[in-house]
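Inside the fold
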Amino acid sequence: MEASSVKASATFSGGVHPAGNKELTSHKSTVSAAIPKRVVIPLSQHIGAPTKPLVVIGQEVKKGEKIGESGGFVSAPVHSSVSGKVTAIGNFPHILGMDMASIVIESDGKDEWVAGLKETKDYQMLSPDELKKMVSDAGIVGMGGATFPTHVKLSPPKEKPIDVVILNGAECEPYLTSDHRLMLEKPAEIIEGLKILMRILNVKKGYIGIEANKPDAVEAMKKAATGSPEIEVWPVQVKYPQGAEKMLIKAIANRTVPAGGLPMDIGVVVQNVGTAAAIYDAVRFGRPLIERYVTVTGRGVKDPKNFLARIGTTFAQLIEEAGGLTEDAAKVISGGPMMGMSQYTLEVPVIKGTSGILVLPKSEVSTKPYGPCIRCARCIDACPMMLQPSLIGLFIEKGHYEDAKDYNLMDCFECGSCTFVCPANRPMVQWVKRAKRELAKKKN
Amino acid sequence: MKDMIKITLSLVAIFIAAAIIMGVTYKLTSPIRFYAEKKEKEEALKEMAPDAKDPIAVAGTWTVHSKSYEYYAATTDKKPVGYIASTAGKGYSSFILMLVSIDTGLKVKEIKILHHGETPGLGDQVEEKSFLGQFTGKTLNQIVLVKTETKENIQAISGATISSRAVTNGVKDAVQTLVDKYGSGIAQAAANEVKK
Amino acid sequence: MTTDKVNYGTIIKNGIFGENPVFRLALSLCPAVAVTSGVKNGFLMGVAVLFVMTMVNGTVSLLRNFINPKVRIPSYMFIIATWVTVTDLVMAAYARDVYKQMGLYIMLIVAFAIVLSRAEMFASKNKLIPSMVDGAAMGMGFLLALVLLGIFREALGKGSLWGYKFVETKPLLIMIMPTGGFFAMGLMMGWLNWIDRKFFGGTGGGGGGH
Amino acid sequence: MEATPKEQPKVQPKAPPEFFVSIGPHMRTEESTAKIMWTVNAALLPATLMSVYFFGLPAILVIIVSILAAVMAEAGMQKLLKKDVTVSDGSAFLTGLLIAMNVPANIPLYIPAVASVVAIAITKHLFGGLGYNVFNPALIGRAFILVSFAKPMTTYTQPVANIMAMDAKTMATPLSLLKEDGIAKLLEVYPNIYQDLLMGNRAGSLGETATIALLLGAVFLMIKRYITWHIPITFIATVGLLTWVFGGKSGLMTGDPLFHMMSGGLILGAFFMATDYVTGPSIRIAQVLFGVSCGALTVLIRLKGGYPEGVMFAILLMNCFAPLLDRGMRSRVFGKAAAKGVKK
Amino acid sequence: MLEKVLTIFIASALINNFVFSRYLGLCIFFGVTKKMETSIGMSFTFTAVMMIGAALSWFIYTYVMVPFHLGFLKIVIFIGVVAAFVQAADTIMKKVTPALYYKLGIYLALIVTNCIILAVPLINAEEHYSLFESMALALGSGLGFSLALIIMASIREKLDLADVPKSFQGLPISFVLTGLIALAFLGFSGMITL
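A few points on the structure. Nothing here was measured: the structure is a model prediction, and the numbers come from that model.

As a further point, take the overall build of chain D. Counting its regular elements, chain D contains 17 helices and 0 strands. With respect to the principal axes defined by its C-alpha atoms, chain D has extents near 100 × 55 × 35 Å. Out of the 344 residues belonging to chain D, those deemed buried represent 57%. A separation of at least 24 residues holds for 71% of the contacts in chain D among residues at least 6 apart in sequence.

Attention shifts here to the pairing of strand E9 (residues 164-169) of chain A. All names here are of chain A. In terms of residue burial, E9 counts as a mostly covered element, since 6 of its 6 residues are buried. When E9 meets strand E12 (residues 268-272), the two strands line up parallel, connected through 5 bridges. Paired with Val-164 across the strands is Val-268, a residue of E12. Where E9 and strand E10 (residues 206-211) come together, 5 bridges link them in parallel fashion. For Gly-169, the partnering residue across the bridge sits in E10 and is Ile-210.

Right, let's talk about the interface of chain C and chain E for a bit. Across the contact, 41 residues belong to chain C and 41 residues belong to chain E. Counting every contact that joins chain C to chain E gives 0 salt bridges. For the pair chain C and chain E, the number of links is 2 residue pairs in polar contact (both at pLDDT 80 or more). No other element matches the 13 residues that helix H8 (residues 178-200) of chain C contributes to the side of chain C that touches chain E. Class assignment for the residues of the side of chain C that touches chain E results in 26 nonpolar, 13 polar and 2 charged.

Here we take up the packing of helix H1 (residues 2-48) of chain B against helix H4 (residues 72-94) of chain C. Two elements in contact, H1 of chain B and H4 of chain C, have axes separated by 8 Å at closest approach and are oriented at 5°. In terms of axis orientation, H1 of chain B runs roughly parallel to H4 of chain C. Here the residues of the contact of H1 of chain B with H4 of chain C sort into 19 nonpolar, 5 polar and 1 charged.

Now for the interface of chain A and chain D. Listed as interface residues are 80 residues of chain A and, on the opposing side, 49 residues of chain D. Here chain A and chain D share an interface that buries about 5,500 Å² over both sides, 62% of which is from carbon and sulfur atoms. Looking only at chain A, the three residues that lose the most surface to chain D are Ile-374, Arg-375 and Met-386 of chain A, adding up to 11% of its buried area. Between chain A and chain D we count 1 salt bridge in total. A salt bridge links Asp-381 of chain A to Arg-284 of chain D; the nearest nitrogen and oxygen atoms lie 2.2 Å apart. For the pair chain A and chain D, the number of links is 14 residue pairs in polar contact (both at pLDDT 80 or more). Of the residues assigned to the side of chain A that touches chain D, the class counts are 43 nonpolar, 19 polar and 18 charged.

Okay, helix H6 (residues 115-127) of chain E next. Residue and element names in this part refer to chain E. Given a rise of 1.5 Å per residue, 13 residues ought to cover 18 Å, and the 18 Å separating the end C-alpha atoms of H6 matches this to within 8%. In terms of burial, H6 is a largely internal element, 11 of the 13 residues being buried. Immediately downstream of H6, the backbone of His-128 shows phi near 55°, a positive value.

For the rest of this paragraph, the subject is the sheet that holds strand E13 (residues 291-297) of chain A. All names here are of chain A. Across the sheet, which stays open at both edges, the 6 strands sit in the order E1-E14-E13-E17-E15-E16 with mixed pairing between neighbours. Both edges of this open sheet fall to strand E1 (31-32) and strand E16 (341-343), since each of them pairs with a single strand only. Inspection of the sheet shows strand E15 (residues 329-334) paired to E16 by 3 bridges, in the antiparallel sense. Bridge assignment links Ser-334 to a residue of E16, and that residue is Met-341. Strands E13 and strand E14 (305-310) of the sheet are contacted by helix H3 (residues 178-185), whose axis makes an angle of about 125° with E13.

What follows is about the sheet that holds strand E6 (residues 78-79) of chain A. All names here are of chain A. Judged by pairing direction, the sheet is antiparallel, and its 3 strands sit side by side in the order E3-E5-E6 without closing on themselves. Since the sheet does not close on itself, it has two edges, and those belong to strand E3 (52-53) and E6, each with one partner. Relative to strand E5 (residues 66-69), E3 runs antiparallel, the two sharing 2 bridges. The residue of E5 that forms the bridge with Lys-52 is Glu-69.

Residue and element names in this part refer to chain B. One can find Asn-153 in the loop between strand E6 (145-146) and strand E7 (154-155). Ignoring any residue separated from it by four or fewer positions in sequence, one finds Asn-153 in contact with Gln-134, Lys-138, Gln-142, Val-144 and Val-146. A polar atom in the side chain of Asn-153 sits 3.0 Å from the backbone oxygen of Gln-142.

There are 8 pairs of chains in contact here; the most contacts are made by chains A and D. In this structure chain A stays clear of chain B, and the shortest span between their C-alpha atoms is 36 Å. The least C-alpha distance between chain A and chain C, which are not in contact, is 16 Å.

Here we take up the packing of aromatic side chains. Summed over the entire model, instances satisfying the criterion amount to 32 aromatic pairs over all chains. Every member of this aromatic cluster is reached through a ring pair, and the members are Phe-182 of chain C together with Phe-20, Tyr-23, Phe-29, Phe-30, Phe-175, Phe-185 and Phe-188 of chain E. Across the ring face of Phe-12 of chain A, the terminal group of Lys-239 of chain A is positioned such that the distance to the ring centre comes to 4.6 Å. Taking the ring centre of Phe-285 of chain A as reference, the NZ or CZ of Arg-287 of chain A above it sits at 4.7 Å.

A separate point is helix H15 (residues 284-304) of chain D. With 21 residues, H15 of chain D extends 30 Å from end C-alpha to end C-alpha; this agrees with the ideal 30 Å at 1.5 Å per step. Burial in H15 of chain D covers these residues: Ala-286, Gln-287, Phe-290, Gly-291, Ser-293, Cys-294, Gly-295, Leu-297, Thr-298, Val-299, Ile-301 and Arg-302 of chain D.

Right, let's talk about the pattern of salt bridges for a bit. Scanning the model with the defined rule gives 37 salt bridges over all chains in all. When the shortest N-O distance is used, the salt bridge between Lys-133 of chain A and Asp-137 of chain A registers 2.8 Å. Note that Lys-133 of chain A and Asp-137 of chain A are positioned in helix H1 (residues 128-137) at a spacing of 4 residues, about one turn of the helix. Classification of Lys-133 of chain A by relative accessible area gives exposed; the value is 52%. Its relative accessible area of 32% is what places Asp-137 of chain A among the partly exposed residues. Arg-33 of chain B is paired through a salt bridge with Glu-37 of chain B; the nearest N and O atoms lie 3.9 Å apart.

Before going further, it helps to spend a moment on unusual backbone geometry. With an omega of -5°, the peptide bond between Tyr-240 of chain A and Pro-241 of chain A qualifies as cis. Considering the arrangement of structural elements, one finds Pro-241 of chain A in the loop between strand E11 (231-236) and helix H6 (245-253). Residue Pro-25 of chain D is reached from Gly-24 of chain D by a cis peptide bond, and omega for that bond is -5°. Within the secondary structure, Pro-25 of chain D is located in the segment before helix H1 (33-43). Unlike most non-glycine residues, Asn-408 of chain A shows phi in positive territory, near 65°. One can find Asn-408 of chain A in the loop between helix H11 (401-406) and helix H12 (417-421). Of note in this structure, Ser-66 of chain B is not a glycine but carries a positive phi near 50°. The residue Ser-66 of chain B is located in the loop between strand E1 (57-64) and strand E2 (67-76) in this model.

Rules used in this analysis
- Residues numbered from 1 in each chain as written.
- Chains lettered and ligands numbered in written order.
- Predicted model: local features only at pLDDT ≥ 70, side-chain atom pairs only at ≥ 80, totals over all residues.
- Heavy atoms only, no water.
- Helix = DSSP H or I, 4+ residues; strand = E, 2+ residues; numbered from the N terminus.
- Buried < 20%, exposed > 50% of the residue type's maximum accessible area, 1.4 Å probe, protein only.
- Contact = heavy atoms within 4.5 Å.
- Pairing = 2+ DSSP bridges.
- Salt bridge = Lys/Arg side-chain N within 4 Å of Asp/Glu carboxyl O.
- Polar contact = N/O pair within 3.5 Å; in protein donor to acceptor, adjacent residues only side chain to side chain.
- Nonpolar A, V, L, I, M, F, W, Y, C, P; charged D, E, K, R; others polar.
- Axes fitted to C-alpha atoms, helices over the stretch in contact; angles between N-to-C directions.
- Parallel < 35°, antiparallel > 145°, perpendicular 65-115°, else oblique.
- Buried area = accessible area lost by both parts, 1.4 Å probe.
- Expected span 1.5 Å × (residues − 1).
- Phe/Tyr/Trp six-rings, centres within 6.5 Å; stacked < 30°, edge-to-face > 60°.
- Lys NZ or Arg CZ within 6 Å of the ring centre and 35° of its normal.

Have a look at this one:
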């Protein structure tokens, strides 16, 4: 299991070991997806205020042109990922399961970059504030799936000095290999991105955490980091959810994020490796975030692949390029199998946080009814937050939301470990979401 | 203020009335209770020595398990026909209180269990005839608890050894006491009888 | 209810069924479990309670204009304690073997919530005869409940009723032990709730404590 | 919205296949309640076979009757309460089997049947069925019949190793011999006491006699991670320690821990009943406390109490305390301690 | 002497536990164990009142009632003693420690005519216990009762989440549960001979 002689013992307590299934795509080099004929770009691809559209129907746009303006501090602009014409602005299916405001652009096939992209070779000379502005303008958000606007994370309040930056290359979700491929194919860009991050935050120490089941990625990153003594590459134990922010910090920096707090409370900023690469692109070439690595995988597609895909490409197109659905394809998930969201239509677009599209065949879809909790405590052992999911689940099942809150419901980040291990098949995550919703309703 | 006095007075009145009612009842019932208790005891003793024509009187006290118990001499026309002792044995969850009587030959005549708090179904089997009957006719030295089948000694109830032992020990202690008190006298009397 | 027309039938039905002190109101549960290891004990306890309740209600009703409302609770306590003492003394004299087993519980009738609550709720507002009937009806309900429990426990636990054996073995000894008392009470309450729900459309169950 | 939508979204442009939609995670383990229960049943198989070998036909009858009564009681109660009948999950089967393991071989057959019915109907289903019972059903069933039918429940027979033996001689268990008659008598009846305890050639309840067979099943369960060390090992170790310190006749530290650890129902109880998920605590530290307390209570009852064997009552008593233990030990949430030092 | 005190203490706490084997205090037992907090408050208050009530009753019984042959008045007098003491405690607590009063005061009202409080002096009188023995009984009974309350409260929290059949919800299942706990407590029997 341990690929490297370095500290692969680094980890957290709790967690589970779902089957990785990464061999479906981990060895396949990334291919660029065809330029989509039509892209659907949601105005809200991040946590925070939605963007305001800058274009009108019928307007011609170029690749990289800003089409949605940041709606506040915690927000990020969106850019066109193709050159073409705006054909619609309205509500379209979104991976969150509902229709949301989006801009539809028909590609003209020319794929022309917008004018005025500024290349900066000596970006090391720029001030942290200038760099931060470039990140903000490029519309970069956390690409591991959380989609939190990156420039916000890079602006900690004065009383919370940051001394460690960690790049998250753990990719603990089963099936997904997009970060893995990125680390193999663009290690230098990632390292440069990390250096920019460290410069912005004025931090002397950078780490890259990678699950030990990706020895080749560890090697590649180490090679790229030679000559940069301030950067360390750390293999971490293969265990879900190793890639969760709090867990990775625990494993690498051995610091504990306080309950209800943020990593910046203990002087740490964590960014996904994809985000680092995007930051490099933005700073070095002035390119906004318009494409990303997406793994299309699962036994429900005929030819699983890693793609470099434009934001706004529909799932239907990518699946088509991956050989199409198999006969028994039964469930389409945006993201990984643990925290990803199942989709009812293939018309949803790839957004900035879409790390993968997973299609499960019927045989792998669990439709078993759930039974009573037998208090086996597997979920308690699995919970990385050391909660008691069994009891919280029981409380919520009976509608005792306040009791669930007493048992630290709010510390749950819905990683799904408890539900994964539950022999009685109890839908704990679903209940937790419900309870949080109900409690929020009561508060208002 | 006037109110306070009135309230107090009414309470006092009720209390006095209550005390009178209770007092009267007590006066009326306590003799009945006293006689009932006495009769109960007499009858129990009578059962232990049916041949005794005279009233059975307390002859003294003895001590076991740091508590004091009485013993009695049963007589007919002032001549002893048997001796009785109350006794106790330390059982499984309670002290088993008993009456034990012996005849003038110092052999056990009758055992009566007055009170016990042993486990229903197990320990309370000591009350059964099949167990208590074993004691009849035994001499002091024969009162030994064994676990195998026996004619000579006392066989323990299987599964209720502790309770069986409690009864056996209680009986043995009582018989020992009676023999100590009256054994020589009886021997003397027997000797006198022979002389005559 | 202070009118002259008092519906005695309603009072009696209420005491025995509608507001049965044990199964319905769940008041004064201690003796219901404690003394019902046999029918005889349950019956005598019931009679004691019946007597105390009738006399207390009668006395309170007689004195209702004399007792100052500010000290009515202490006054009622005196009255209850008096009649309990009387019962206690009488039983100690005339029913010695039973008294040995349940003397403590006879004395504790004084702490029964049901006695005080009937004095307060009914007797203090009604005339002598209706009050006594109410007390008797409540006592009757109590007595019936105890006898019912006694039958259940003695029959199962000892194979006898009122001390007369009807089978040779002791079918389920546990029923006359402390734990069995709780079982009997719980099962019987649940069973009565079930009957009520099934046949009388009641909402039985979920009964509160106290 | 500033712009008015012109093109309505095409939700299903070319009739895509119907997809399952659910909230994640979309992967589950292979484990299931039924699989766990049947595995525990399987782990009891060696002990069951040993009991049949030593006690013959009566043992087989007791096992069949107990299991049948338990399964029928479960189905009956579920029908009565209008719930789905789930006898196939093996939990009623397990309760029945454990009851059979806990009674003497030559017991009248209606007695284990009563225990099974009490276990399933009262202890389990009145409290809401699987997962909600407060007490271990099999142990309540056993306690119920021990109190009700004390005599047949304490009359043990000699192991005969003959399948057709119907009327074996009665024989006292090693523990009751030690308690009531002392060590000399014990060695007279069981000259090779350790060997007898290990192999099961002794008087006792069906399933508690063959220590080695029980350990085999227990190791299997621990390898499968169906049980952890927290309860059984601390339980047994505590019994060993305390009997060594207090169990001797000639002063402190002169007891015989090995004898006490292998005799009575300790191995059976520690590995197969104290570890019951539903009725024990689920937090690990609480489990350790639970195990230690079970051990201490067992020794207390064995050495000072009225019963020669204390495992059953010790576990039942600790079942009462399990919710309290869980409640007291729950404060270990990730980041809770760190949160106290942070200014908001 | 010391041995007897210890015996009385252990017996009254575990073996002859008021709830599980003497069936006393059931109203309170079923009434307050719906919540852990009230159970704990009740436990403290009860134990304290039992100790003090038993001590006061003992002095009155030994030095007034026995010499004057007023034994037959014990029910009235013990009730009066407990009620007067509780009333006094109520008043004093309200003045001296209002904080404690708001925590425990509400329970005091429930105590006055409770059978379990009354049972302790009655048993002491019946058994002719010495002062130390009386205190041992009071303390043992109080702690035993507290134990019962706290166990029951913790189990009922768990039971709250269970699918108990409708007819058995509330009191019936609590009775069955108490029976099961009492069955477990039988394990202590035989440890002490009374």
